Protein chains: 2
Amino acid sequence: MAPVNVATSAGQYPIHIEPGRLQRIAQSVPGNATRLVIISNPVVDGLYGAVLRQALAPLGKPVMTIIVPDGESFKSLDTLNTIYDRMLAEKLDRRAVILALGGGVIGDMAGFAAATYMRGIRYMQIPTTLLAQVDSSVGGKTAVNHPLGKNMIGAFYQPVSVDIDIDVLRTLPAREVSAGLAEVIKYGLILDAAFFEWCERNVAQLVALDADALAYAIGRCCELKAQVVSEDEKETGLRAILNLGHTFGHAIEAGLGFGTWLHGEAVACGLVQAAVLSGKVLDLPAEDIERVRQLVRAIGCPDVAPDLGQDSWLDLMQGDKKTEGGEIRYVLLPGIGQAVVQAAPLDKVQETLEETVGNVTIERESARARETIASGG
Amino acid sequence: MAPVNVATSAGQYPIHIEPGRLQRIAQSVPGNATRLVIISNPVVDGLYGAVLRQALAPLGKPVMTIIVPDGESFKSLDTLNTIYDRMLAEKLDRRAVILALGGGVIGDMAGFAAATYMRGIRYMQIPTTLLAQVDSSVGGKTAVNHPLGKNMIGAFYQPVSVDIDIDVLRTLPAREVSAGLAEVIKYGLILDAAFFEWCERNVAQLVALDADALAYAIGRCCELKAQVVSEDEKETGLRAILNLGHTFGHAIEAGLGFGTWLHGEAVACGLVQAAVLSGKVLDLPAEDIERVRQLVRAIGCPDVAPDLGQDSWLDLMQGDKKTEGGEIRYVLLPGIGQAVVQAAPLDKVQETLEETVGNVTIERESARARETIASGG
Ligand SMILES: NC(=O)c1ccc[n+]([C@@H]2O[C@H](COP(=O)([O-])OP(=O)(O)OC[C@H]3O[C@@H](n4cnc5c(N)ncnc54)[C@H](O)[C@@H]3O)[C@@H](O)[C@H]2O)c1
Ligand SMILES: NC(=O)c1ccc[n+]([C@@H]2O[C@H](COP(=O)([O-])OP(=O)(O)OC[C@H]3O[C@@H](n4cnc5c(N)ncnc54)[C@H](O)[C@@H]3O)[C@@H](O)[C@H]2O)c1
Ligand SMILES: [Zn+2]
Ligand SMILES: [Zn+2]
């Protein structure tokens with residue numbers, strides 16, 4: 001398909017979505033790059049590092065690789081420092097270009113390294129998880145976590161290109177596919193009722209990684225995200241709707257400890273919680289809430305939230321970046337395909353928590369059971 | 001005087017230059033700020049923190065103060081982390097506004113904290129050293145140091161306002177005044193021959209902190225810097241001329257260890273070295289080189305560089321952010337009031353080092369002697 005363009009204050013950049021894009025990555029490398037720095041983790045580098053380096057070789061530019069440990073818990077200021085150390089020890093200059101090869105963890109952290117190395121160098125996003133392909137690699141939100149909150153330290157800093165190779169999803173664990181599909185659903189819910197319906201009809205194909213279904217869904221998500229980002233690059237308004245399910249989701253991630261639930265799993269559950277709250281605050285019809293719950297289940301994600309204790313829940317949600325003057329702001333759905341950002345009465349939030357929080361342990365087991373089913377089928 | 005305006009990609013902001021501005025600081029605080037965070041050090045907070053907090057009190061907004069240790073060696077990722085820790089522990093949201101009260105160390109670090117806290121919150125520059133008033137507070141270059149290089153980790157991130165109170169310079173140590181005057185001279189050298197001559201004629205008044213002379217010089221420097229920044233916010237071209245003397249200066253700072261020489265002292269010496277190199281590469285007349293040297297001496301700064309060893313010098317200059325593809329780029333003067341950025345033949349650089357490097361110890365003693373004289377007079 002033709003590249004999707006993202007317009008930003010600093011010009012525009014393309015998103016290429018193609019099977020086998022990794023082999024053609026050289027087309028995206030800026031001509032005046034002095035050196036290339038691949039940032040990846042052992043898993044992804046092991047699977048695709050060699051292919052990438054081979055595809056870059058004809059450019060004749062020096063390529064170095066920085067491997068950081070795999071996992072959300074390493075998306076930290078400490079890991080970031082090790083990246084700075086390596087880059088400075090290698091005397092990389094301002095014309096060096098970073099290639100972020102991996103999921104959202106690598107993309108967010110490598111992007112933030114690019115944003116802050118010598119006050120900003122260029123970087124390319126090469127997302128290898130579904131979540132990163134439909135969400136985190138597009139739009140220039142970069143960050144690392146802090147013990148007191150997820151993504152608390154970061155910058156808005158756009159890549160020079162996003163290269164999405166659909167083929168790499170074949171090696172992705174089924175649980176990660178499910179987590180990525182949570183963000184796919186999100187786009188339908190906030191912006192495009194027809195796309196939400198398409199997801200309902202094609203959920204089996206998506207879960208089975210059918211190439212055509214994936215290409216369509218990834219393309220549509222990137223188009224929708226590109227539109228939102230182009231209208232509101234710095235998240236001063238519209239862009240906040242992309243956080244549907246994330247106020248609840250972030251509380252789950254932080255409350256259980258980062259990495260216990262996958263980001264997408266927490267968001268999926270948060271979508272259900274946001275829908276339930278939307279029912280109470282904006283009269284979202286019960287059957288629409290049920291559709292959200294059913295689709296979250298169909299993609300293999302948890303629809304019951306862990307019990308963090310009522311006070312912890314509120315405290316954790318308070319730390320959300322949408323909070324203003326101490327007031328928690330939620331993305332809510334007046335209907336499927338429409339979203340608004342607003343505060344919600346405390347009693348409605350408490351009711352929502354009472355109705356959506358259940359037994360975590362059981363939830364985790366059923367998630368694992370689903371994973372086994374999905375990867376077996 | 002009327003505020004100087006700085007135009008940037010994200011809108012424009014004012015620089016207010018007035019005696020007693022600190023008492024009127026409330027005029028600059030954004031109306032929708034939820035909370036105010038003063039970042040300062042024990043020295044400056046001890047002198048001006050109470051005045052500032054008193055001036056903010058009528059706004060009725062919660063004010064917190066974060067005190068970090070004084071000195072260039074604390075402009076580090078470690079100190080930055082302690083700032084993040086405090087801000088997150090206090091649950092500051094995206095509408096909080098940082099007030100950077102101090103010299104360039106505080107301004108650069110607080111600015112970078114603002115650039116990266118929750119992907120960017122607003123900040124106000126309240127510079128209290130001459131160097132910060134004429135240079136570092138204007139233009140949005142924020143950073144912290146890394147053991148492998150000065151200002152290596154940072155961002156371009158503009159403040160919402162710059163408030164310059166000339167009165168605060170009365171408590172500034174004479175050595176710091178001299179260091180700040182080095183940057184003042186720099187503006188004349190790169191952009192404004194008439195202003196350079198004005199500095200030559202008024203150097204005694206400047207060193208003696210004559211209020212009218214200071215107001216004129218600070219205003220002119222801010223105008224010149226605002227022009228350059230407005231034309232080239234991200235330092236992709238023109239803005240690099242502001243680094244006259246800085247390639248040599250940074251090598252001195254890094255070579256001796258940050259904080260041994262003041263930034264402005266190193267830059268002053270670098271101005272002389274850049275002038276000598278300009279003589280060799282661009283035929284800057286010998287009498288102009290001599291004028292630079294004399295004015296550097298007259299402001300009480302070193303004009304002889306420390307002996308770091310020829311190899312270390314080149315190695316340290318190599319690490320400069322202007323370096324591209326391993327080639328060191330220098331700001332050079334075809335004449336006083338004009339600047340160009342270009343590479344220089346290695347033998348000319350080596351000759352320059354041979355002619356400008358001397359005995360550090362003696363130099364440091366004479367610097368101290370001058371300080372005693374200046375503060376006595
Ligand atoms: N910047 C944004 O706008 C944005 C949006 C959403 C999420 N995020 C962030 O994204 C992160 C989550 O990203 P994620 O879900 O991609 O997790 P991730 O980056 O941790 O990747 C998940 C796992 O899959 C592995 N993996 C990656 N690609 C693979 C492949 N092709 N084959 C096999 N294994 C592969 C990884 O090594 C990892 O173990 C979170 O930190 C979240 O905050 C950012
Ligand atoms: N961002 C930029 O564009 C830019 C430009 C030039 C320099 N810089 C940076 O600025 C820093 C140097 O700044 P600096 O020279 O202001 O040093 P500084 O911030 O260390 O201040 C110098 C000393 O003066 C003290 N002080 C500050 N105000 C005072 C006052 N009114 N009275 C008494 N004492 C006071 C400070 O506590 C400190 O001990 C360097 O880190 C340099 O990299 C940045
Ligand atoms: Zn997400
Ligand atoms: Zn300087």
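So, how was this worked out
Residues numbered from 1 in each chain as written. Chains lettered and ligands numbered in written order. Predicted model: local features only at pLDDT ≥ 70, side-chain atom pairs only at ≥ 80, totals over all residues. Heavy atoms only, no water. Helix = DSSP H or I, 4+ residues; strand = E, 2+ residues; numbered from the N terminus. Rg over C-alpha atoms; globule rule 2.2 N^0.38 Å. Buried < 20%, exposed > 50% of the residue type's maximum accessible area, 1.4 Å probe, protein only. Contact = heavy atoms within 4.5 Å. Areas by Shrake-Rupley, 256 points an atom, 1.4 Å probe, with all protein chains shown as cover. Pairing = 2+ DSSP bridges. Axes fitted to C-alpha atoms, helices over the stretch in contact; angles between N-to-C directions. Near = heavy atom within 4 Å. Polar contact = N/O pair within 3.5 Å; in protein donor to acceptor, adjacent residues only side chain to side chain. Domains from an automatic or database assignment. Buried area = accessible area lost by both parts, 1.4 Å probe. Salt bridge = Lys/Arg side-chain N within 4 Å of Asp/Glu carboxyl O. Nonpolar A, V, L, I, M, F, W, Y, C, P; charged D, E, K, R; others polar. Donors = N, O, S within 2.8 Å, 3.2 Å for Na, K, Ca; no water. Phe/Tyr/Trp six-rings, centres within 6.5 Å; stacked < 30°, edge-to-face > 60°. Least-squares fit on C-alpha atoms with pLDDT ≥ 70 in both. Left-handed = near helix turned anticlockwise from the far one by under 90°. 1 Å grid on protein atoms, 1.4 Å probe; cavity = no way out; pocket = protein on both sides within 12 Å on 5 of 7 lines; lining within 4 Å. Points joined across faces, edges and corners; volume = space filled by probe spheres on them.

Participant: Which parts of the structure should I look at to understand the overall build of chain A?
Facilitator: Along the backbone of chain A there are 13 helices and 11 strands. For 377 residues, the compact-globule estimate of 2.2 N^0.38 gives 21 Å, and chain A sits close to it at 20 Å. Along the first, second and third principal axes, the C-alpha set of chain A runs to 60 × 45 × 40 Å. For chain A, the proportion of its 377 residues judged to be buried stands at 61%. Contacts in chain A between residues at least 24 apart in sequence constitute 77% of all its contacts with a sequence separation of at least 6. Surface accessibility of chain A: about 13200 Å² in total, with carbon and sulfur atoms responsible for 52%.

Participant: For this particular structure, what's the right way to read the environment of V4 of chain A?
Facilitator: Residues and elements named next belong to chain A. Following the sequence through the fold, V4 ends up in strand β1 (residues 4-8). When the C-alpha positions of V4 and G279 are compared, they lie 35 Å apart, and in sequence the two are 275 residues distant. Apart from the residues lying within four places of it in its own chain, the contact partners of V4 are Y13, P14, I15, I17, C222, E223 and A226.

Participant: When you look at the sheet that holds strand β6 (residues 122-127) of chain B in this model, what are you seeing that I'm missing?
Facilitator: The strands making up a sheet are joined through hydrogen bonds of the backbone, oriented either antiparallel or parallel. Residue and element names in this part refer to chain B. Pairing is mixed in the open sheet, where seven strands are placed in the order β1-β2-β9-β6-β5-β3-β4. Of all strands in the sheet, those bounded by a partner on one side alone are β1 (4-8) and β4 (63-67). On average, each strand axis in the sheet is inclined to that of its neighbour by 20°, with strand direction left out of account. Here five bridges tie β1 to strand β2 (residues 11-18), and the two strands are oriented antiparallel to one another. Paired with A7 across the bridge in β2 is Q12. Lying on the sheet, helix α2 (residues 77-89) is in contact with β3 (36-40), β4 and β5 (97-102); it crosses β4 at an angle near 155°. The strands touched by helix α3 (residues 104-116) are β3, β5 and β6; relative to β5, the strand with the most contacts, the crossing angle is about 165°.

Participant: Teacher, can you tell me more about the site of ligand 1 here?
Facilitator: All names here are of chain A. Around ligand 1 there are 27 residues in total, and K75, T128, T129, K150 and T171 lie nearest to it. The side chain of D108 places a nitrogen or oxygen atom 3.0 Å from a nitrogen atom of ligand 1. In this structure, a nitrogen atom belonging to ligand 1 sits 2.8 Å away from a main-chain N or O atom of K141. Starting from 860 Å² of accessible surface for ligand 1 in isolation, the protein chains cover 91%. Breaking the shell around ligand 1 down by element, the ones donating at least two residues are α1 (42-56), α3 (104-116), α4 (130-136) and β8 (149-156). Here the element with the most residues in the shell around ligand 1 is α1; it accounts for four residues.

Participant: Just to check I follow, could you spell out the domain arrangement of chain A for this structure?
Facilitator: A common way to state how big an interface is: give the accessible area lost once the parts meet. All names here are of chain A. Its domain assignment divides chain A into domain 1 (4-171) and domain 2 (174-370). Domain 1 and domain 2 are separated by 26 Å when their C-alpha centres are compared. Facing 30 residues of domain 1, the contacting portion of domain 2 comprises 33 residues. In this assembly, domain 1 packs against domain 2 so that about 2600 Å² is buried in total across both faces, 68% of it on carbon and sulfur atoms. Sorting the residues of domain 1 by area buried against domain 2 places L130, V134 and K150 first, and these three jointly supply 23% of that buried surface. Across the domain 1-domain 2 interface, the total number found is four salt bridges. Between E235 and K141 there is a salt bridge, with the nearest N and O atoms lying 2.7 Å from each other. Summed over the shared surface of domain 1 and domain 2, the number is nine residue pairs in polar contact (both at pLDDT 80 or more). Elements that contribute at least two residues to the side of domain 1 that touches domain 2 include exactly β1, β2 (11-18), α4, β7 (141-146) and β8. Grouping the constituent residues of the side of domain 1 that touches domain 2 by class yields 14 nonpolar, 11 polar and five charged.

Participant: What's the story with the site of ligand 2 in this structure? I'm lost.
Facilitator: Residues and elements named next belong to chain B. Residues in contact with ligand 2 amount to 27 residues; listed here are only the nearest, K75, G104, T128, T129 and T171. The contact in question runs from an oxygen atom of ligand 2 to an N or O atom on the side chain of N41, over 3.0 Å. Note that a nitrogen atom of ligand 2 is positioned 2.7 Å from one of the side-chain N or O atoms of T128. Looking at side-chain class alone, the shell around ligand 2 contains nine nonpolar, nine polar and nine charged residues. Summarising the domain contributions, the shell around ligand 2 has at least three residues from each of domain 1 (4-171) and domain 2 (174-370).

Participant: Hey, could you run me through the coordination of the zinc ion (ligand 3) in this one?
Facilitator: Where a metal carries four tetrahedral donors, each ideal angle is 109.5 degrees; where it carries six octahedral donors, the ideal angles are 90 or 180 degrees. Residue and element names in this part refer to chain A. Coordination of the zinc ion (ligand 3) by the protein comes from E183 (OE), H246 (NE2) and H263 (NE2), over a distance range of 2.0 to 2.2 Å. When the donors of the zinc ion (ligand 3) are listed by position in the chain, the intervening gaps give E-x62-H-x16-H. Here H246 lies in helix α8 (residues 246-256) and E183 lies in helix α5 (residues 174-191), a separation of 63 residues in the sequence. On the basis of relative accessibility, which here comes to 0%, the residue E183 falls in the buried class. The class for H246 is buried, based on a relative accessible area of 5%.

Participant: Where do I start with the packing of aromatic side chains in this structure?
Facilitator: For any pair of aromatic rings, the description consists of the separation of the ring centres together with the inter-plane angle of the planes. Residues and elements named next belong to chain A. Enumeration over the complete set of coordinates arrives at 12 aromatic pairs over all chains. Each ring, one from W198 and one from Y216, has its centre 4.7 Å from the other, and the planes form 45°; the classification is tilted. Residue W198 is found in helix α6 (residues 193-207), and its partner Y216 is found in helix α7 (residues 211-231); the two are separated by 18 residues along the sequence. For W198, a relative accessible area of 14% gives the class buried. The class of Y216 is partly exposed, set by a relative accessible area of 41%.

Participant: In this structure, what is going on with the sheet that holds strand β3 (residues 36-40) of chain A? I would like to understand it.
Facilitator: Residue and element names in this part refer to chain A. The seven strands lie next to each other as β1-β2-β9-β6-β5-β3-β4, forming an open sheet whose pairing is mixed. Edge positions in the open sheet fall to β1 and β4 (63-67), since each of these has one partner strand only. Taking each pair of neighbouring strands and ignoring which way they run, the sheet shows an average axis angle of 20°. Pairing between strand β6 (residues 122-127) and strand β9 (residues 161-165): two bridges, direction parallel.

Participant: Would you mind showing me how to read the relation of the copies chain A and chain B here?
Facilitator: Between the two copies of the chain lies a rotation about an axis combined with a shift along it. Mapping chain A onto chain B calls for a rotation angle of 180° and an axial translation of 0.0 Å; the resulting RMSD is 0.0 Å. On this basis, the relationship between the two copies can be described by a two-fold rotation axis. Minimal C-alpha separation from the rotation axis in chain A is found for S9 of chain A, amounting to 3.9 Å. Most of the interface of chain A is mirrored in chain B, where 100% of its interface residues again form contacts.

Participant: Looking at this structure, how should I read the packing of α6 of chain A against α7 of chain A?
Facilitator: How two helices pack is summed up by the angle between their axes together with the distance between the axes. Residue and element names in this part refer to chain A. Interhelical geometry of α6 versus α7 gives an angle of 145° and a closest axis separation of 10 Å. Viewed along their axes, α6 and α7 form a crossing whose handedness is left-handed. Packed against α6, whose contacting residues are F195, W198, Q205 and L206, the element α7 presents A213, L214, Y216, A217, R220, C221 and L224 at the interface. Per-class residue counts for the contact of α6 with α7 are nine nonpolar, one polar and one charged.

Participant: Is there a simple way to explain empty space enclosed by the protein in this structure?
Facilitator: Any empty space left between the atoms is revealed when a probe the size of a water molecule rolls over them. Tallying each qualifying case throughout the model produces four cavities of 30 Å³ or more. Here the largest cavity is characterised by a volume of approximately 60 Å³. Along the walls of the largest cavity sit L77, L80, N81, Y84, F112 and I153 of chain A together with L77, L80, N81, Y84 and F112 of chain B, which together make up its complete lining. Breaking the lining of the largest cavity down by element, the ones donating at least two residues are α2 (77-89) of chain A together with α2 of chain B. For the lining of the largest cavity, the residue count by class is nine nonpolar, two polar and no charged.

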